[in-house]
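Spelled out from the first residue to the last, the chains are:
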Amino acid sequence: MGITKTELFNKRQNKIASYAKALGHPARIAILESILKRKACICGDLVDELGLAQATISQHLKALKDVGILQGTIDGPSICYCINKKTWEEIGGYFAPFLSQIPESGNSC
């Protein structure tokens, strides 16, 4: 597998790809849906809810936090995560125009 040459692509393309990669696992989608449904920060309740190991949940939370989708606060031994509203709006700004580009019916394969 070759090295990804991100410098060949513009900032928008790289951002869309990084967000898509972070969102590219069903466990991460489930985590985000859980947080959005609660409309609050989440502190460790995901293990019981999703049925995944704590280490697995932690890896997925880290991937979402690394791209800025989640933000966390440390309160003693636990870390609470919530949606980073600014990044969430940015994702919508990138994906909505991208996904709204519908090919004309005469151009489909």
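Residues numbered from 1 in each chain as written. Predicted model: local features only at pLDDT ≥ 70, side-chain atom pairs only at ≥ 80, totals over all residues. Heavy atoms only, no water.

Participant: Looking at this model, I keep getting lost on the nonpolar core. Mind explaining?
Facilitator: Nonpolar side chains in soluble globular proteins tend to be buried together. If you look at the biggest cluster of nonpolar residues, it comprises 18 residues, and the most contacted ones within it are Leu-61, Leu-64, Ile-69 and Leu-70. When contributions to this core are tallied by element, the ones reaching two or more residues are helix H1 (11-22), helix H2 (26-38), helix H4 (54-66), strand E2 (78-83) and helix H5 (85-99). The contacts of Ile-69, once residues within four sequence positions are left out, are Tyr-19, Ala-22, Leu-23, Leu-32, Leu-64, Cys-82, Ile-83, Asn-84, Thr-87, Trp-88 and Ile-91. (Core = buried A, V, L, I, M, F, W, Y, C linked by side-chain atoms within 4.5 Å. Buried < 20%, exposed > 50% of the residue type's maximum accessible area, 1.4 Å probe, protein only. Helix = DSSP H or I, 4+ residues; strand = E, 2+ residues; numbered from the N terminus. Contact = heavy atoms within 4.5 Å.)

Participant: Before we go on, may I ask you to explain H2 in this structure?
Facilitator: Since one α-helical turn is 3.6 residues long, residues separated by three or four positions face the same way. Taking 1.5 Å as the rise per residue, H2 with 13 residues should run 18 Å; its terminal C-alpha atoms sit 18 Å apart, in good agreement. Among all positions in H2, only Ala-27, Arg-28, Ile-31, Leu-32, Ser-34 and Ile-35 are buried. Along the axis of H2, the buried residues cluster in a sector spanning 155°; they form a single face. Along H2, exposed side chains directed more than 90 degrees from the buried face belong to Pro-26 and Lys-37. Lys-39 sits one or two residues past H2 and shows a positive phi near 55°. (Expected span 1.5 Å × (residues − 1). Arc of directions from axis to C-beta.)

Participant: Would you mind showing me how to read the packing of aromatic side chains here?
Facilitator: One pair of aromatic rings is described through two measures. These are the centre distance and the angle between the planes. If you walk through the whole model with that rule in mind, you get one aromatic pair. Centroid distance Tyr-19 to Tyr-94: 6.3 Å. Interplanar angle 45°. Geometry classified as tilted. Note that Tyr-19 is positioned in helix H1 and Tyr-94 in helix H5, a separation of 75 residues in sequence. (Phe/Tyr/Trp six-rings, centres within 6.5 Å; stacked < 30°, edge-to-face > 60°.)

Participant: Could you clarify how one ought to interpret the packing of H2 against H4 in this entry?
Facilitator: Each pair of packed helices can be described by the angle between their axes along with the distance between the axes. Across the interface, H2 lies against H4 with an axial gap of 10 Å and an inter-helix angle of 80°. Here H2 lies roughly perpendicular to H4, going by the angle between them. In this structure, H2 uses Ala-27, Arg-28, Ile-31 and Leu-32 to contact H4, whose residues at the interface are Ile-57, His-60, Leu-61, Ala-63 and Leu-64. Among the residues forming the contact of H2 with H4, the class breakdown is seven nonpolar, one polar and one charged. (Axes fitted to C-alpha atoms, helices over the stretch in contact; angles between N-to-C directions. Parallel < 35°, antiparallel > 145°, perpendicular 65-115°, else oblique. Nonpolar A, V, L, I, M, F, W, Y, C, P; charged D, E, K, R; others polar.)

Participant: Please clarify how the state of the cysteines should be interpreted in this entry.
Facilitator: Working definition of a disulfide: a covalent bond connecting the sulfur atoms of two cysteines. Counting across every chain of the model gives zero disulfides. Here Cys-41 is not cross-linked by a disulfide; its sulfur's nearest cysteine counterpart is in Cys-82, at 3.3 Å. The exposure class of Cys-41 is partly exposed, given its relative accessible area of 41%. Judged by its relative accessible area of 18%, Cys-82 is buried. (Disulfide = S-S within 2.5 Å.)

Interpretation in functional terms is not warranted from these geometric data alone.
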